[in-house]
Structures are given as structure tokens and as C-alpha cells.
Protein chains: 6
Amino acid sequence: MFSHVKDLQFEAKPDAPDAAFARRLQEVLGGKWGEMTVANQYLFQGWNCRLPGKYKDLLLDVGTEEMGHVEMICTMIARLLDSAPLSIQEAAAEDNPMLTAIYAGANPAHFIHSGGGPLPADSNGVPWNGAFITASGNLLADFHLNVTAEAQGRLQVARLFHMTDDPGVKQLLRFLLARDTMHQNMWLAAIEQLKDDGLEEMPVPEAFLDAEQENQFAYQYIDFSSGEEAAEGRWASGPTPDGKGQFSYQSTPTAHAGAPELPPGDPRLHCTPPLGN
Amino acid sequence: MFSHVKDLQFEAKPDAPDAAFARRLQEVLGGKWGEMTVANQYLFQGWNCRLPGKYKDLLLDVGTEEMGHVEMICTMIARLLDSAPLSIQEAAAEDNPMLTAIYAGANPAHFIHSGGGPLPADSNGVPWNGAFITASGNLLADFHLNVTAEAQGRLQVARLFHMTDDPGVKQLLRFLLARDTMHQNMWLAAIEQLKDDGLEEMPVPEAFLDAEQENQFAYQYIDFSSGEEAAEGRWASGPTPDGKGQFSYQSTPTAHAGAPELPPGDPRLHCTPPLGN
Amino acid sequence: MFSHVKDLQFEAKPDAPDAAFARRLQEVLGGKWGEMTVANQYLFQGWNCRLPGKYKDLLLDVGTEEMGHVEMICTMIARLLDSAPLSIQEAAAEDNPMLTAIYAGANPAHFIHSGGGPLPADSNGVPWNGAFITASGNLLADFHLNVTAEAQGRLQVARLFHMTDDPGVKQLLRFLLARDTMHQNMWLAAIEQLKDDGLEEMPVPEAFLDAEQENQFAYQYIDFSSGEEAAEGRWASGPTPDGKGQFSYQSTPTAHAGAPELPPGDPRLHCTPPLGN
Amino acid sequence: MFSHVKDLQFEAKPDAPDAAFARRLQEVLGGKWGEMTVANQYLFQGWNCRLPGKYKDLLLDVGTEEMGHVEMICTMIARLLDSAPLSIQEAAAEDNPMLTAIYAGANPAHFIHSGGGPLPADSNGVPWNGAFITASGNLLADFHLNVTAEAQGRLQVARLFHMTDDPGVKQLLRFLLARDTMHQNMWLAAIEQLKDDGLEEMPVPEAFLDAEQENQFAYQYIDFSSGEEAAEGRWASGPTPDGKGQFSYQSTPTAHAGAPELPPGDPRLHCTPPLGN
Amino acid sequence: MFSHVKDLQFEAKPDAPDAAFARRLQEVLGGKWGEMTVANQYLFQGWNCRLPGKYKDLLLDVGTEEMGHVEMICTMIARLLDSAPLSIQEAAAEDNPMLTAIYAGANPAHFIHSGGGPLPADSNGVPWNGAFITASGNLLADFHLNVTAEAQGRLQVARLFHMTDDPGVKQLLRFLLARDTMHQNMWLAAIEQLKDDGLEEMPVPEAFLDAEQENQFAYQYIDFSSGEEAAEGRWASGPTPDGKGQFSYQSTPTAHAGAPELPPGDPRLHCTPPLGN
Amino acid sequence: MFSHVKDLQFEAKPDAPDAAFARRLQEVLGGKWGEMTVANQYLFQGWNCRLPGKYKDLLLDVGTEEMGHVEMICTMIARLLDSAPLSIQEAAAEDNPMLTAIYAGANPAHFIHSGGGPLPADSNGVPWNGAFITASGNLLADFHLNVTAEAQGRLQVARLFHMTDDPGVKQLLRFLLARDTMHQNMWLAAIEQLKDDGLEEMPVPEAFLDAEQENQFAYQYIDFSSGEEAAEGRWASGPTPDGKGQFSYQSTPTAHAGAPELPPGDPRLHCTPPLGN
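Predicted, not measured: the structure shown is a model, and the values here were computed from it.

## Here's the deal with the overall build of chain A
Now for step 1: Scanning chain A from terminus to terminus reveals nine helices and four strands.
Now for step 2: Tracing chain A from N to C terminus, the helices and strands come up as β-α-α-α-α-α-α-α-α-α-β-β-β.
Now for step 3: Taken against the 2.2 N^0.38 rule, which gives 19 Å for 277 residues, the C-alpha radius of gyration of chain A at 25 Å runs more than 25% over that of a compact globule.
Now for step 4: With respect to the principal axes defined by its C-alpha atoms, chain A has extents near 70 × 60 × 45 Å.

Here you go:
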């Protein structure tokens, strides 16, 4: 069960409106790696966690914080959308190329659909969707996803930082950059914790018996492309990170099965039959 | 530029058809973490790689291998779809609950749309889409995504392994499990290689100056949810994995900004204005 | 800013697992009219509200409650997914048609993707998406949407109530039915309040000048289909609900403009040109 | 069965082309609240209506009219797309900021995909989809949706009216504003008619027995957010609009169930098990 | 402008309900090649047609007919959904495997969302979307699309014909099969007519000057895959169907450009830079 | 199984960057008719082909070539994205309307998400999806689709050719135009070959018995729209292209069934019942 306070975790006020930047900022609200994704992903992982205790607590803590980040970015976008030129005539009236760029570079749905407010969508107006998140039930697989989610998220915020001069916007981005630093570290620490607790190991899922897989292919680098530069990497020789094997290198791929030939299908499906059928 | 041989990397032949399992197998073909995702993700990362040499070679090698995995699973699905009951009468004719389950548990589009062949879609028939992949240009962020892609993928194959008794199907899954073992190890090794080469560090992006972020929030665990169990984890005290700080723990969240109040909008947008406006 | 307590607003525990019903229950979690929709819709409406005071407070209150409803249904679904038959052989082993129905009627992604947990998707596994919600900035337009959201939601819960015999499931549905009763009443009351406060009227947007629209068409029922039964309804004669006019009835449609003829397009677009061009 | 006349219901001819406005106008053609939505929604409600007579007739009448509105907006968009600058060089050739804004603010697919014609998509080029419509079979739930569809639609047309100076475009918008006025009134009248006919009441569905829901929660406003301003509204005290109860106000939420603990899952799903498992 | 009569173009009444078949029939209503696609495609092509006369008339005629086909299939689906078992207990109560198959093989949204009515979605419940249609403005390109739309549509109807024993359903399918026969013939005739009228030729677009393309690659079959069987086909030697050239055959692909090397990106995007940067 | 060489099939290097054109070029990469579509479509058709020999070889050959086209366009887009203005200030700094147009007309996700690289999406940033392709198992139906895919694709490339002055870009487009010429011819030849081989005929599917369809409707043009211009076309009189009949013309549509009346639904679905029920 959730409760809400009206105050914000951090200030979300631009020095001046900029509807074209508001569109860009949508990427970290409703894009694949935006705040809606991390908030929902951590909460679903928490609700799906069959392990009571610190991991479930962690997931619900951080998912709840991210809901507050959604709120801050929504607030920032609403403020960036003020005072935008609504028509091409208005945009072109003054000899000001920034007005033209704001008119043409803004998201029209910000005005027509949401009346100057944020949308649950990315920087192109494509709606956020549930396939952006995964809660697999396997915490090691998911914590690795969470590391990349925070890395991709911080990368995007860093890029946005270079796309504006507005001090108020930059101040919020500084806060988000710091929280993403924390969260990258946190999920890396959680990966180590899971291993220390003896709950999971690489490769995921550890509990699947090695004997059941085709082990001859389990540590072999196969080169499917011209050039042998990949042979120089750590992934082509030496011990494997899971501590269970040695990488080997195969310079050209081998086919282990002949060309497949499919039988004629059910005639009631009216696929093209073989000649003479 | 690509070329193709008709032989398969590994055999893809079930001992018997099973259209209900064919639907399930679609998850690792066209689902979020299926072979279409890894094939396209690694190829786009390779094409987007501005760093000539072993990393670009690695990405194109493995992406090309995954195209061959798409092919094997497509072949397996086509064969699993043979001889399925097409009508409810046919399914119910014999007193065989497996026929009923196959009729009802199959994907109707497997017959109506593709005539007994695979679809670029997941186990519910939802089409694969390009938002499943990311090629951010930052290799460390992306290699972490690749680790989780292979971990989620191997997890799904392991689950599917327990959902069938068919020896031929299990044989292909054993091969895929082994390659996913290799690929998890490979991306973990590639992460270490990137660091050894001095190209990137955590937190991503390393090149963003620490001085630009709000450092007071960069290593602080904030507890937004009842229960203090999360305080016991590695992520709440001790050195941070990036080697640059110490985790601290804050047991209740602090709001650093007041409740936001938005100005009245442009009257031409006809949003509800404040009272007395 | 949000905080979270681990306790649930209401109990969410089935008496027995039923994976086929778990799939059905997804409709009111991640379907168009599910809890994810109302939670996000009310929160976005609140964040987008430029009117401080009781309306903004109302929206944030109820949006926050709905986040807790998302949590309860997620919990229920996770529990309904326990002990399901994973393979067709398992489903068919005992002579129990319910096992077959559960195998075939379940969502395979519940096992392959989320490992026995809920998904942000509808009863067919189609992901929730941001286009399900609207926060237009005009409270009267949006409160009408909220009325229908609660009506459609309660209708779906009532239908689900008849699709299960499980006492634990029914108990949670009883709670949701009651809250939907409250919320339908609440949004109807909020519509009245908005009018009492003099903030908006029908037709929305009231502030658009009547003089600007083609008033001759503003109260005219036009019959485009055979049969004149519609002429018997309240919408074809008598005073209009907005109190500003009288309905009139036109039994056959009139065309007020000739057939459009488009000029030849830009030859660089290579559209088929008119003959002789 | 439908038939078609070539004449238009109303004139749809701009005084001058404007490809940037053509993109904006797509919102009321193929956006969530556009003409494709209302046309399809009313027709599906009509085809799904199990009640012969005036309601079914009404739905099919108005759905058919809306098909003609789709046609008018398509025609307008095709005409607005004439004579647009196709390349950046062309746009920048004259010192005319409007040409730049048209080049940059247009939808490229209007030229590349449809060759200067309309698309079944919104103002960002996201395709219209079937989830935009609902035909629930319960007319009271659906008529409330229809009220908001017409209110959101008129709101969007009113906003577009302020985004152009073109007299021909404004003339078509004036007609649409008037029809949306009619249709808001019409659906409100239809709601009253349904009640007068004794067919349905609030809360929907009326036929679900009150005794089956948890009545103690059916009229209670629960405050989940800081600030008590919502307590001042009509929704927190006094009689409820359904005429069956009195609103009550609870200033802080109560949890009625303890923290959920999920049992360990099926080991074949390889979720992280509890410690010591 | 459209008008509607209540009578149907052809009877749409099953002899008995079958909710599992209703789900399957959705494919030809709201699937990629269903009636919603052809109706909308032909109408958009008509509205986008800049050529007055017989072609525009043809497109609007047939698009209007297809709207009536949407209606017939909607009606059939509503009737097929009657009397379905709503719960697993009901489905399993009698020893009737057809009831189990109907429960498990039906689309749950048919009951929960639409209350026993059709949905604008395919046989897996994935919503119809606007990207299914194309109106390119080039009639020859589009008429070829229309041929395949009718061929794919007839193929799907023929498959459905074998998936049911119901005489009433089969009767409607017989009608649709005949209309699809007509429409395949009609679009083939329209292709010939376009050429006779001198309006367009293959390859599309004819008006693009041959001199502008790299003619050495315009008639060359290049073999990118093992096996030379493709060399036996008409496409590898002899005159080309456009009458302008001769096919040639190249047994292995040639690369005409070296391996691309991308320059380092803008450092503000934080992509991984080359070593030593 | 695939392999890859680093060299490109043809050069893909612009003379100068242009981020706004990069966005436009996405249409032929990840749009409905782009290279991702044809590559995946031909490969899935090949894998789904139950007919060994020249047709399967053809499909796999050309699908593999198209993978190399995906690669060339990806490379071109990455290069076009260099040196773009990242902020509105940068775009407006010089008095250069082309910079403003590039800022406003570019796809923000090209920078924020992919760091200056291509995306698997169309010119509006909408992701490519699997529903863009069809592999029906019936080669004649699919070869007709392939003709239109190449025709729509060449049409789009021809339009893009007129949207840029860049010699390097135009050079790649010249190559693509030539290959699309070849591929249109190739699929037309394949259609003839299929008929010569006696494998399939129009109407598809030929094997469905004529006696099973309602033959009275199989060659009849029915006019559903005002105007009789369509009667002048080849499709309204004379022999039909399938060689089996004569077109006839019906100037007004006939309804062959009365208005449908649906029975009251299951009361547990709470649809509005008929009056007096």
C-alpha cells in the first residue's frame, strides 16, 4: 500500500520554458529506459519475489523512490511546455530561429492531447509499454537487467545534460545522475550479495544441471564473420568468468546438421505442395 | 555482407509434433528475450560501433551466429506444427485429452496466418518489435544488457526444457543452453576487457564529470518503504563497487523541494483554469 | 514523493491455485480498463493539474490508492499461478479435464517469462501501454473519462466474479466492486462540483465561443442509417442537456459540399498522375 | 450494409497548404480521440448491441456519420500536403522561417509512405489501433465513454482552431465543433433515456447485487496523500449520486491484510528460492 | 459521405455457438489481412487518389462493400459467443471435451471486455492497427498490394472453412470466398487497365529515369546462399518481365565497398571512443 | 547458418552529415516497407517453405542479400548523424536555417537512445514490428506480396532521392533503385514460374474447390458508391484474368439477409438486456 506527500524529492523547475527540450526529456520519462520503466520494473520484481527479507525490501524501496522520479520529470515537462508558440505564424512572427525550432521540434500531442502536460511516451510520442519491463523471478538475471537499466538511464541523462543550457533543468539532471550512480552501484552490490548468500551463480540459472546441456559448446568462441580480431579478446582464451571452464576459439563455424527438409503440410492449409504432389 | 549455407548449426527435429509446445517455443524466437532480439541487438551494436577492432568483430560474429539460431528455432516450430487437429470436432473425436489441449493451447495464427510455420512473435502471438533491442553506442552499458539478455534467454530455455518430454526438442534446447552459457561468460569477459583496455568504467558513462552531479546523493541508500531489512544488504554500507565511495543509509526519505504549483496554462488550450481566473 | 508499507489494503489470497483464471484476472491488472490504467491516469491528471487545491489533491489521493490495487492483484495472480501443470503430459496424466483446461487456457508467458508471477499485460498477454490513459488538462473531460473507467472496470470485475468459485478470489473481487462503486460516485460528484464551482460546463470546452462554431449543426440529429427508431429517443427532440438549445431531427443526411477533386501531386512523389498529364 | 456518395458532408478545403498543420490535424483523424475512434466505436457498439430498437439505431446512425468525418479530414490533409518543401535545401533556399518550420515540423511519412496523403495515425505518426475503442455490451458504461470521447474530441478541435490562421481549415473545424456539441448532448440524453427506460443505473452494472460487494467500502473516501483539501469536495460528505448512500471520509488509509509472503515456486521455473531451500 | 441499411449483404448466422471458433474467426476481421484492413485500405487509397474517374470510383465502391463485410463477421462472432462456459468448473462439469476446449481455446477478452461481442483484434487478441494498410498514391504499387490482400484473405478463409463443421458458418465463408475470387480478379484487371491507359508500368515508379539508377545491377540475380538451384528459375536468365532487359546470374556475391569505419562520435554522447582517444 | 564479411555490398558514405535526412532514411530501414521487412519476410518464407529446390533457394538467397542492405543503410545513417547540433542554442547560434531545420527535424532518439546510430524504427521513430511480414506458406500469395514490397520500397527510395542533394547518399540510392528493379522483375518471373510448374493459379488458393464457394458472386462487380465511372473499367465486363469467367456489373447493391437481431446475452455478463427482460 502506498502513500504520497505533495513535496518533491528534489526541485524540478526550469529557468525558462522550452517545448522542444520537453519533448526530448520525455525519453527519460516514458522511453524504454525511462523512470516509468525502472519504477514499474522494480515494483513488479518486488511483488514477484518469493524470497522474503532484504531483497524484496530493496526492490520495493527503490521502486517506490522511482515513482517519485516519474513525478519530478512530469512536473519539469509541464513547466517546460509553458508559453510555446502554438501556430506556425506565431513561431515565424519574430525573426527568432529558436521559436521556429521550438514550434517544429516540439511534440504536437503535448498541446493537442495533454494541454501542456507530460505524456506516458518517449521522445517520439510512442507510448510506454509493459514489454519494457521484466520481472523474471530469478533475481540474478533481473539484477543484471537493473544494472543496465541504470547505466542506460544515466547515459541518457548525461546526453540530455549537454542538450540544454537551462540551469534549473541541469540542476534536476545533476540529481538524477547522482541517483543513477547510486543505483548502478547498488545493483552491482546486490549481485555480489546474492552470490555471497549462496542463492545464485553465473551462468543463470545455476540450478540447471550442467550435465543436461551440450557441454562441448559451453565455452567455445565461434567466429562467424570475416576478420580474426575477436580472437584477441579475453572471451576467446583463458579461464571463463564462471570459474568452470576455459574459453576455446574456433575460427570457422561448423554445421552439425544437414539442410532441413520439411514434409508437405496438411492440404487443408493450402500451402504450396512439392511438385508432383 | 552476409552469406548463407543451407545446413543447420545443430539439429532441429522433434520426435513428434506438438502444436501447443510450438506456441510456447515462440517465446525464445520472437519474445522480448528471444533469438530475434539477440541477433538484431548484436548486429545493430556492431554497425553502431565507432571503435574498429576486436569489439566490433565480436559483435558482428555473435550477431551472425544468432541469425542461425533464429533459423533453427523456426525449423523446429514448423515441424512441431505438423498434424495438428484443425477443428474442435477433430480434437474431441478421440478420447484423448492431449488432442484437446493441443487444439486449445495452440496459436490459431500458426495455421490461419502462416499455414503451419513460425511467426515473428512471442508465445502469445504478440509481434516482435524493434524496441526490444538497444544499441546505445556505449559498450559497457550494452555489454551489461547483453549479459542479462543471455541470462534471461537461458532461463527461458531451461524452463521450456521442463515443459516437454520430446527427446528431439530437448536435444536442441541442450545446445541452446550451452551456447547461452558461453555467451553469458563471453559478455562478462568483454566487460572486464573494456575496463582493462581503459575504455570505460562504472558508473556509466565514466567520462561524465563527477563534479557535475549532486554528489551528496551518489552513494546514499534511501528507504522508501516500511521495514528496514534492506539495511542489512551490501548496498547500504561499506565501499561501493565503483571504488569511489562508501554506501550510507537513510532510513526515511527527505523531500528537498516543496509541493509544485503550476501556473495557469495558455487559455487557448482550454485547460481548467484556477478559480477566479 | 511516495512511500510504501508492506501490508496490503485488503487480503489477496485464493483458496487454491488456478492458472487459467490468473490469465483472466490480468485483464483488470494490465488491460485497457485495469488498475494500471486508473493508477497512472489519475496520477498523470494530478501532475498535469494547474489548479491547486481539492481537485489536485483528489487526483493524487485516488491515484495513490490505485497503486495499492495494482499490488493486490499482482499478489493474487502470483498465488494463482502456483502448482500449475507445466507440460501437456502432466496436464493429461490424470483423467481431469480441469488440468487440461488450465494447461491450455493459461498464459505461457506467466511461466516462461515471469516464472510464476504477474505481467503488465492484459488477458491475452498484450502489454499495457501509455495510450490507455488520458490527462487532457481539462478536468470535466477527464472526470467523464474517469466515470467510464470505473464503470468499465466494475463491469469487468463483476464478470470475473461469475468466472470463478474460489472464495478467496471472490473476497478480493467484492472489495474491488465496492471501491469501484465509491469511485463511480466520486467522479460523478466531482463533475457536479466542477459545475458548482463555475469552472467548466458542457459542452467541453465551455470557454470556446459558441459564435465560433457552425451553430446550425449544434443541436441537430441526423439519421444516416435506415430505420427511424432513433427518432423516438430523447436525443432527437426536446431541450438539450446543456440547457442551451432544442434537439431537431433530420431524417436523411444532406451533403453540404461537392465531391472533392485533388490536384495532381508533386511529380517527385511519383503518385499516379491524371490521364494526359 | 453501407453505401457511399461522393459529395462531402461539409467543405474540406484549406486556403493554402501547410504540411506542418497537416501533421497536427492527424491527431483528430487517427489519434486516440480522433474520428477513426468514434466511427469504429459506435459501429462496434451497434453491432454488439443485443437490444433491438432505438439504441441500436442511434449507434449505427452516428457511427455512419463519423465515417464521413474520417473522409472530410482525410481530404483536408491531402490538400494541406500540397507544395511542401521536400528537401532541407529547398526549405532553406528562401529566407522564410515558415518553410523551415514546415520542413522540420512535418511528418516525413506523409511524403515517403503515402505520397502526399493522410495516414491512419496520430500527430506523431503512431498508427491508430483497435484498443482505442470499447464496445462493452453495457450501454450505460459505453455511453459515458462516448460522452468523454466527444468532449476530448471537441477539446482537441478547439485547440487546433487556435493553431492555424487558415480560413478554410477553420471553417471545417467550426463544423466539427458544432457536431461535437451535438454529440456530447446526444450521449448525455441517451444516458438519461437509459435510466428512464429502466435499463441501467449507476453504479454500473446495476444488476450486480449490492449484497455481494463489501459494502463498508462502497461510499468511503480514503485519503492516501498528504493534505486534506480533498475533504472539502462533494465526494467526501453528503449523499452519493447513486442515491443509495452517504459519503464518508477517512483521513488515513488502513491496511486490512498483512504483508504477503509468497511460497517458494516450482523449482523447474528456476526462480530464486528462499535461503536454505 | 456514407449511409447504412440494417439488412446484411449476406446471412451471418451459425447453427450453433462455438466461442473457440469465434476467436479464430477474428483473424479475418481484425488481423493483418482481415476485413478491417481491406475496408480501410481501399477507402484511404480512394481518398488519397489524385486521379478523378474510374479508379477513384472503384476504390470507394469496394472499400464501402468491405465495411459491410466487417459488419457480417462482427455479427457472426457475436452469435458464436453465445452460451459459452464462463468458468473452468462449468467447462469441466460434464464429461465433454468440447466444452473444455471452448473454455480454454476462447479469447477471455471476448467475455471480460466486450461482453460477448466482437473485438477489433486478431485471433490472438492483438489489436488491429493502422500500419496494416498502405495508400501510397501510386496505384500500380497499391493494386499489387490489393491482389495479395485478397489472396491472403481468401487463403485464410479457405483454411477457416476446414476448421469448422457448422453449416451456417460455412455458408458465410462460401460467400466470402466468392467475393475474394472476384476481388483478386478485379485488382488483376485493374493492373492491366492502368497499363492500357498508359498510366504506370513496371518497375514502379516508371517515371523515375532509368539513367538515374545503377543499371549494371538492375537485372542481375546474385546468389547469396549455398546451392545453385535458384539458377534454374525464370528469374536467373532470359528476358525480364518489364521487357527492358535480360536476367543474368552471378553465382557468388561481390562486395563493392570496403569495411566501413566510423569516425569517433561527439564526446557529449559518451559513446565508447576508439583506444587512445 | 549465416556468415558475414566486413566489406559492404556497395558504398554507403554521404558527402556530408544531415541528421534530418537520417531520420527520413529510417523509413526504408525500419518502416513497413523497409529493408528489415524484406530481409525477414524472405527468410521466414524460406524457412517456412515445404517445397525443396529452386523456390526455397531463391527465398534464402534474396533474404540474405537484404540483410546486407540493412547493414548498408545502418552505416549510412550512422554517418549522417555526425556533427549534428545537440541543443537549440547551438542550432540557433549561427544565422543558418539549415541548422535549425536539422535540430528540429531530426529524431531525438537518434542521439539520446542510440548515441548517433541507426534505430530499428521508421521515420517517426515507431519501432519495426513482426506484423510487417507475412510468410503464409502459399507461394503465389506471398510472391504477390513480394512484388508489392519491392514496388513500395522502390517508390520510397525514389522519393528519398528527390529529398537530398548529397552525391554520396544519392549513389547508394541509385544502387538500391537498381536492386529493387531486379527484385520486382524477379518476383514477377517467379509468379510465372509457379504457374508454369503447375503449382498454383489465381485465384489463390487454387486447390479450394470452386464448387464450395457461392459462385454467383464470384465474378460480379457490385457498385456501392454513387457514380458509375467504375463500370467503364476492365473489371466490370469481359473475361476475368483467371480465365474462368466473365465479369458482370450490378449497379446497386442487394441485401441478401435481413437485419440481424441478437438474442439477449448471458446475464452474468451484465450487458444491457432488452426492455422487459
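Still to come is the rest of the account.
## Digging into the relation of the copies chain D and chain C
Relating one copy of the chain to the other requires a rotation about an axis plus a shift along that axis.
Now for step 1: Superposing chain D onto chain C requires a rotation of 180 degrees together with a translation of 0.0 Å along the rotation axis, leaving an RMSD of 0.0 Å. Seen this way, the second copy is the image of the first under a two-fold rotation axis.
Now for step 2: When the interface residues of chain D are mapped onto chain C, 100% of them again lie at the interface, so the same face is used by both copies.

## Describing the interface of chain D and chain C
Now for step 1: Listed as interface residues are 98 residues of chain D and, on the opposing side, 98 residues of chain C.
Now for step 2: Elements represented by at least two residues in the side of chain D that touches chain C include exactly helix H4 (54-80), helix H8 (139-161), helix H9 (167-196) and strand S2 (220-222) of chain D.
Now for step 3: With 16 residues, H9(D) is the single largest residue contributor to the side of chain D that touches chain C.
Now for step 4: Class assignment for the residues of the side of chain D that touches chain C results in 48 nonpolar, 26 polar and 24 charged.

## Things to note about the sheet that holds strand S2 (residues 220-222) of chain E
Residues and elements named next belong to chain E.
Now for step 1: Strand order in this open sheet of three strands is S2-S4-S3, and the pairing throughout is mixed. Edge strands, defined here as strands with exactly one partner in the open sheet, are S2 and strand S3 (238-239).
Now for step 2: Pairing geometry for S3 and strand S4 (residues 246-250), over two bridges, is antiparallel. By the bridge assignment, Gly 238 is partnered in S4 with Phe 247.

## A short note on the interface of chain F and chain C
Now for step 1: Facing seven residues of chain F, the contacting portion of chain C comprises seven residues.
Now for step 2: A class-by-class count of the residues in the side of chain F that touches chain C yields three nonpolar, two polar and two charged.

## Overview of unusual backbone geometry
Now for step 1: Residue B:Pro205 is reached from B:Val204 by a cis peptide bond, and omega for that bond is -10 degrees.
Now for step 2: Tracing the backbone through its elements, the reader meets B:Pro205 in the loop between helix H9 (167-196) and strand S2 (220-222).
Now for step 3: Cis rather than trans, the peptide bond between F:Met202 and F:Pro203 has omega equal to -10 degrees.
Now for step 4: Structurally, F:Pro203 is set in the loop between helix H9 (167-196) and strand S2 (220-222).
Now for step 5: The phi angle at C:Ser83 is positive, at roughly 60 degrees, despite the residue not being glycine.
Now for step 6: Within the secondary structure layout, C:Ser83 lies in the loop between helix H4 (54-80) and helix H5 (88-93).

## With respect to the pairing of strand S4 (residues 246-250) of chain A
Residues and elements named next belong to chain A.
Now for step 1: Across three bridges, strand S2 (residues 220-222) lies against S4 in parallel orientation. The residue bridging Ile 222 from the neighbouring strand is Gln 250, located in S4.
Now for step 2: Count of turn residues in the strand S3 (residues 238-239)/S4 antiparallel hairpin: six residues, of which Gly 243 carries a positive phi of about 75 degrees.

## What about the environment of C:Gln213?
Now for step 1: Mapped onto the fold, C:Gln213 is located in the loop between helix H9 (167-196) and strand S2 (220-222).
Now for step 2: On the basis of neighbour count, C:Gln213 is assigned to the buried category, with 24 C-beta atoms found within 10 Å.
Now for step 3: What C:Gln213 contacts, discounting residues up to four positions off in sequence, is C:Ala218, D:Arg174, D:Leu177, D:Ala178 and D:Thr181.

## Digging into the sheet that holds strand S3 (residues 238-239) of chain B
Sheet strands associate in pairs through backbone hydrogen bonding, adopting either a parallel or an antiparallel arrangement.
Now for step 1: Spatially, three strands are ordered S2-S4-S3 (chain B) in an open sheet, and the strand pairing comes out mixed. Edge positions in the open sheet fall to S2 and S3 of chain B, since each of these has one partner strand only.

## Remarks on the environment of E:Asp223
Now for step 1: One can find E:Asp223 in the loop between S2 and S3.
Now for step 2: For E:Asp223 and E:Tyr249, which are 26 residues apart along the polypeptide, the C-alpha to C-alpha distance reads 7.7 Å.
Now for step 3: Residues in contact with E:Asp223, not counting those within four places in the same chain, are E:Glu228, E:Ala230, E:Gln250, E:Ser251, E:Thr252 and F:Asp61.

## Things to note about the UniProt feature "binding site: Ca(2+)" (unreviewed entry) in chain A
Now for step 1: When the UniProt feature table is mapped onto this chain, "binding site: Ca(2+)" (unreviewed entry) is found at A:Asp57, A:Asp61, A:Ser225 and A:Gly227. Taken along the chain, the residues just named run across 171 residues; in space they spread out, the farthest C-alpha pair reaching 48.3 Å.
Now for step 2: Mapped onto the elements of the fold, A:Asp57 is located in helix H4 (residues 54-80).
Now for step 3: Structurally, A:Ser225 can be placed in the loop between S2 and S3.
Now for step 4: The residues touching A:Ser225, leaving out its near neighbours within four places in the chain, are B:Asp57, B:Leu60, B:Asp61, B:Thr64, F:Ser3, F:His4 and F:Lys6.

## Quick notes on the UniProt feature "binding site: Mn(2+) 2" (unreviewed entry) in chain A
Now for step 1: Using the residue numbers shown here, the UniProt feature "binding site: Mn(2+) 2" (unreviewed entry) corresponds to A:Glu66.
Now for step 2: Excluding its chain neighbours within four sequence positions, the residues that come into contact with A:Glu66 are A:Glu35, A:Val38, A:Ala39 and A:Tyr42.

## Notes on the confidence of the model for chain A
Now for step 1: Looking at chain A, the pLDDT average stands at 96 and 99% of residues meet or exceed 70.
Now for step 2: Across the interface, the model reports ipTM at 0.97; the global pTM reads 0.97.

## Examining the domain arrangement of chain A
In many analyses, interface size is given as the accessible surface area lost on bringing the parts together.
Now for step 1: According to the domain assignment, chain A consists of domain 1 (19-196) and domain 2 (210-250).
Now for step 2: Taking only C-alpha atoms into account, the centre of domain 1 of chain A sits 37 Å from that of domain 2 of chain A.

## Here we look at the packing of helix H8 (residues 139-161) of chain C against H9(C)
Residue and element names in this part refer to chain C.
Now for step 1: Between H8 and H9, the least distance of the axes is 9 Å, while the angle of their chain directions is 160 degrees. Classified by the angle their axes make, H8 and H9 are roughly antiparallel. Our pair here, H8 against H9, has a crossing hand that is left-handed.
Now for step 2: Class assignment of the residues belonging to the contact of H8 with H9 gives a composition of 17 nonpolar, six polar and four charged.

## Structural notes on helix H3 (residues 35-47) of chain C
Now for step 1: With 13 residues, H3(C) extends 18 Å between its outermost C-alpha atoms, agreeing within 8% with the 18 Å of an ideal straight helix rising 1.5 Å per residue.
Now for step 2: By the criterion of burial, H3(C) is predominantly enclosed, with 13 of the 13 residues buried.

## Some points on H4(D)
Now for step 1: Helix length check: H4(D) (27 residues) gives 39 Å between terminal C-alpha atoms against 39 Å at 1.5 Å per residue, within 8%.
Now for step 2: Summarising burial for H4(D): 27 of the 27 residues are buried, a large majority.

## Things to note about the environment of F:Ile222
Now for step 1: Within the secondary structure, F:Ile222 sits in strand S2.
Now for step 2: Its 20 C-beta neighbours within 10 Å are what place F:Ile222 among the buried residues.
Now for step 3: Among all residues touching F:Ile222, those that are not within four sequence positions of it are E:Glu65, F:Gln250 and F:Pro253.

## A few points about the packing of H8(C) against H8(D)
For any two helices packed against each other, the geometry is given by the interaxial angle and the distance between the axes.
Now for step 1: Relative to each other, H8(C) and H8(D) sit at 155 degrees, their axes nearing to 8 Å. Overall, the two elements H8(C) and H8(D) adopt an arrangement that is roughly antiparallel. The crossing of H8(C) and H8(D) is left-handed. Residues C:Leu140, C:Ala141, C:His144, C:Leu145, C:Val147, C:Thr148, C:Ala151, C:Gln152 and C:Leu155 of H8(C) form the contact with H8(D), whose participating residues are D:Leu140, D:Ala141, D:His144, D:Leu145, D:Val147, D:Thr148, D:Ala151, D:Gln152 and D:Leu155.
Now for step 2: Grouping the amino acids of the contact of H8(C) with H8(D) by side-chain chemistry returns 12 nonpolar, six polar and no charged.

Basis of the calculations
- Residues numbered from 1 in each chain as written.
- Chains lettered and ligands numbered in written order.
- Predicted model: local features only at pLDDT ≥ 70, side-chain atom pairs only at ≥ 80, totals over all residues.
- Helix = DSSP H or I, 4+ residues; strand = E, 2+ residues; numbered from the N terminus.
- Rg over C-alpha atoms; globule rule 2.2 N^0.38 Å.
- Least-squares fit on C-alpha atoms with pLDDT ≥ 70 in both.
- Contact = placed C-beta atoms within 7 Å.
- Nonpolar A, V, L, I, M, F, W, Y, C, P; charged D, E, K, R; others polar.
- Pairing = 2+ DSSP bridges.
- Buried ≥ 20, exposed ≤ 12 C-beta atoms within 10 Å, placed from the backbone.
- UniProt positions renumbered as here; feature names shortened; annotations may be inferred.
- pLDDT = per-residue confidence, 0-100.
- Domains from an automatic or database assignment.
- Axes fitted to C-alpha atoms, helices over the stretch in contact; angles between N-to-C directions.
- Parallel < 35°, antiparallel > 145°, perpendicular 65-115°, else oblique.
- Left-handed = near helix turned anticlockwise from the far one by under 90°.
- Expected span 1.5 Å × (residues − 1).

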